[in-house]
Amino acid sequence: MQRIPMVNLQRQYLSLKEEIDEAIQSVLYSSDFIMGEAVSEFESHLCQYLGARFAVGCASGTDALQIALMAFGVGPGDEVITSPFTFVATAETIALLGARPVYVDIDLRSYNIDPNLIANRITSRTKVIIPVHLFGQPADMAPILSLAREKGLRVIEDMAQAIGARYEDRAVGTLGDIGALSFYPSKNLGAYGDAGAIVCNSPELAERCRLISLHGSKERYRHEVVGVNSRLDSLQAAILDVKLKHLEDWILARSQVAGRYDEALRGLDLVVPYRAPNSRHVYHQYSIRTSRRDVLSDFLVDRGVANAIYYPIPLHLQPAYQPLAESGTRFPVAEKVSKEIISLPMFPELEDKEIETITSALVEFFRQSN
Ligand SMILES: Cc1ncc(COP(=O)(O)O)c(C=O)c1O
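Throughout what follows, the structure given in this document is the object of discussion. (Residues numbered from 1 in each chain as written. Predicted model: local features only at pLDDT ≥ 70, side-chain atom pairs only at ≥ 80, totals over all residues. Heavy atoms only, no water.)

So, the overall build of the chain
Consideration 1: Across its full length, the chain carries 12 helices and 14 strands.
Consideration 2: Its C-alpha atoms give the chain a radius of gyration of 21 Å, near enough to 21 Å, the size a compact globule of 370 residues would have.
Consideration 3: Overall, the chain is about 70 × 55 × 35 Å in size when its C-alpha atoms are taken along their principal axes.
Consideration 4: The buried share among the 370 residues of the chain stands at 56%.
Consideration 5: Total accessible area on the chain stands at roughly 16,100 Å², and carbon and sulfur atoms take up 50% of it. (Helix = DSSP H or I, 4+ residues; strand = E, 2+ residues; numbered from the N terminus. Rg over C-alpha atoms; globule rule 2.2 N^0.38 Å. Buried < 20%, exposed > 50% of the residue type's maximum accessible area, 1.4 Å probe, protein only. Areas by Shrake-Rupley, 256 points an atom, 1.4 Å probe, with all protein chains shown as cover.)

What follows is the structure, encoded as structure tokens:
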């Protein structure tokens with residue numbers, strides 16, 4: 001039986017083999033592995049692509065979030081507002097700095113932080129809001145930004161899953177104070193290992209993030225602030241620079257796959273991804289919702305169709321985060337969605353016959369269960 005994975009990175013590599021191999025070779029010959037020219041070139045192309053003034057490469061999306069929080073001086077006693085329905089890195093970095101993640105429930109359609117519920121959660125300790133553009137769908141930024149402005153809060157966009165997504169015709173990551181990117185291999189723009197970046201429009205912030213990412217040092221062996229060691233490798237930058245040129249084509253291919261899914265699933269008892277009218281979704285995931293999620297997951301696996309649950313446990317219920325949780329605070333929408341959500345295979349190189357296998361299996365499941 002043909003097995004269809006969630007992503008097929010080898011297929012993408014083979015389609016770009018010559019370009020990628022050449023880029024890797026050129027870094028190997030230069031032997032400029034750390035802070036090489038490939039890094040500054042990629043940073044400048046990333047800025048052009050997003051319409052951001054500054055980009056600072058770093059070692060992962062998790063580090064991008066941590067460095068951004070450090071740049072705003074987040075520490076013990078501070079609170080950072082974010083979504084409970086995201087990858088753990090969003091809250092982990094807040095906790096690592098001694099601050100407290102304060103969750104706000106999500107919107108049932110977009111699965112992103114519900115802007116209407118944020119104001120109630122702001123206290124005198126709140127410093128930053130981190131909206132997450134989950135699955136590639138932009139969070140509703142206008143009300144978040146105006147609330148942040150009114151209350152004097154900073155906004156870090158967790159755009160790990162959403163490079164290329166647009167909100168009111170601006171690239172996500174350029175709306176708030178800082179955008180934090182991940183280039184984890186399976187992301188829409190993925191490196192061949194861990195990698196990340198920070199984007200912003202403020203020269204002071206960019207300089208501060210760069211300083212923090214380089215052990216807090218501008219001048220060798222003189223350390224102005226406590227920093228971290230988080231650089232973007234030249235090899236990863238060279239690979240990303242090749243791949244960035246193809247990103248728009250890949251986003252288009254992803255939206256075509258999403259369109260094919262939509263069409264085939266129309267009329268079935270499930271919820272397809274929501275698209276906000278003023279946004280461009282980039283389909284990092286195509287996630288559907290059904291009350292029969294677990295049975296569906298097994299059924300798809302039997303038919304050779306991989307699937308994944310992002311995320312089965314919201315952050316406020318994670319064991320490691322219990323000591324930081326506020327007792328009795330529940331986030332009913334996040335809890336409901338975590339029980340019903342299931343993501344289907346999604347990558348630009350998915351072939352027609354694979355899409356056909358996936359959608360036929362879904363149609364069979366939902367017709368049977370009617
Ligand atoms: C929403 C979100 N935030 C942060 C991260 C962390 O990125 P990384 O894995 O590059 O550290 C990821 C992905 O892995 C993510 O999906």
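Moving on from the coordinates now.
With respect to the sheet that holds strand 7 (residues 170-171)
Consideration 1: Pairing is antiparallel across the open sheet formed by three strands, whose spatial order is 7-6-12. Strand pairing shows two members of the sheet lacking a second neighbour, strand 7 and strand 12 (279-280), which therefore form its edges.
Consideration 2: Pairing analysis gives two bridges linking strand 6 (residues 166-167) to strand 12, with the strands arranged antiparallel. Its bridge partner being in strand 12, Arg-166 is matched across the sheet by Arg-280. (Pairing = 2+ DSSP bridges.)

Let's talk about unusual backbone geometry
Consideration 1: In this chain, Tyr-310 is followed by Tyr-311 through a cis amide linkage whose omega measures 5°.
Consideration 2: Inspection of the secondary structure puts Tyr-311 in the loop between helix 10 (293-302) and helix 11 (332-340).
Consideration 3: Residues other than glycine seldom take positive phi values, yet Ser-31 does so here, at roughly 55°.
Consideration 4: For Ser-31, a relative accessible area of 44% puts it in the partly exposed group.
Consideration 5: One non-glycine residue, Phe-135, lies in positive phi territory at about 65°.
Consideration 6: Looking at where Phe-135 falls in the secondary structure, it is placed in the loop between strand 4 (126-130) and helix 6 (141-151).

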